[in-house]
Amino acid sequence: MDTHHPDMRAAAQASAAQPPSTSAGSLALAALAVALLIWAQHDDSQADTRHRAAAEQAHVEAAEERRAAAAARACEPDTTPAWIDATTVQCLRAR
């Protein structure tokens, strides 16, 4: 084989060239997978926080509705309920 001829030299160099390492590609894919996993967990934790906040808001609204209903039952129709503490309501008459 005459490696001094330009065509032969190029062919010899092309066959001697190594393909890029697949370990670098595997490492890049593994890093991408880890990044996606971390992102997915972060997104899930935000959704969980929003869900808990919505549940807490619904709980507070239900408690306020029960409190208003209890005050309405305790007072006569022409009076306004005023809570003195967490368990005591006073019925005020309009002047």
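That block above? That's the structure.
Now for a quick tour of the structure. Everything quoted here is computed from the prediction, not taken from an experiment. Numbering of residues starts from 1 in every chain and runs along the sequence as written. Reporting in this predicted model follows two pLDDT cut-offs: at least 70 for local features of residues, and 80 or more for side-chain atom pairs to be given and counted; totals over whole chains, interfaces and linings ignore these cut-offs and use all residues. With hydrogens and water set aside, each side-chain value is computed from the structure's full complement of heavy atoms.

### Re the overall build of the protein chain
- Helix and strand labels come from DSSP, where a helix needs a run of H or I of at least four residues and a strand needs a run of E of at least two; each type is numbered from the N terminus. Broken down by element type, the protein chain carries two helices and two strands.
- Reading the secondary structure of the protein chain in the N-to-C direction produces α-α-β-β.
- For the exposure calls, accessible area comes from a 1.4 Å probe over protein chains only, and a residue counts as buried if that area is under 20% of its type's maximum, exposed if over 50%, partly exposed in between. Residues classed as buried in the protein chain amount to 3% of the 95 residues present.
- Partitioning the intrachain contacts of the protein chain with sequence separation of at least 6 by distance along the chain shows that 0% fall at a separation of at least 24.
- Total accessible area on the protein chain is roughly 8,200 Å²; 61% of this is exposed by carbon and sulfur atoms. Contacts are residue-level and defined by heavy atoms, with any inter-residue pair within 4.5 Å sufficient. Where accessible areas are quoted, they stem from the Shrake-Rupley method and a 1.4 Å probe; at the residue level, only the protein chains shown are allowed to cover.

### Observations regarding the state of the cysteines
- Note on disulfides: each one is a pair of cysteine sulfur atoms within 2.5 Å. One pass over the full model with this rule turns up one disulfide.
- Across a sulfur-sulfur distance of 1.9 Å, C75 and C91 are joined as a disulfide pair. With the S-S dihedral at roughly -90 degrees, the linkage between C75 and C91 falls on the left-handed side. Taken as a pair, C75 in the loop between helix 2 (22-74) and strand 1 (79-83) and C91 in strand 2 (residues 89-93) lie far apart in primary sequence, 16 residues in all.

### Overview of the packing of aromatic side chains
- Planes of paired rings set the category: under 30 degrees apart is stacked, over 60 is edge-to-face and the rest tilted, where pairs are Phe, Tyr or Trp rings (Trp by its six-membered ring) whose centres lie within 6.5 Å. Under the defined criterion, the tally for this structure stands at zero aromatic pairs.
- Stacked on the ring of W83, the Lys or Arg R67 has its end atom at 4.2 Å from the ring centre. By definition, being over a ring means that NZ of Lys or CZ of Arg is both within 6 Å of the ring centre and within 35 degrees of the ring normal.

### A few points about the pattern of salt bridges
- Think of a salt bridge as a Lys or Arg side-chain nitrogen and an Asp or Glu carboxyl oxygen that are within 4 Å of each other. Applying the stated criterion across every chain, the model contains two salt bridges.
- R93 is paired through a salt bridge with E76; the nearest N and O atoms lie 3.1 Å apart. Within this pair, whereas R93 is found in strand 2, its partner E76 is found in the loop between helix 2 and strand 1, the two being separated by 17 residues in sequence.
- E76 sits in the partly exposed class, given a relative accessible area of 46%.
- Two residues, R93 and D78, come together in a salt bridge whose shortest N-O distance is 3.2 Å. Residue R93 is located in strand 2, and its partner D78 is located in the loop between helix 2 and strand 1; the two are separated by 15 residues in the primary sequence.
- R93 sits in the exposed class, given a relative accessible area of 53%.

Everything listed here is a matter of geometry and, on its own, says nothing about what the molecule does.
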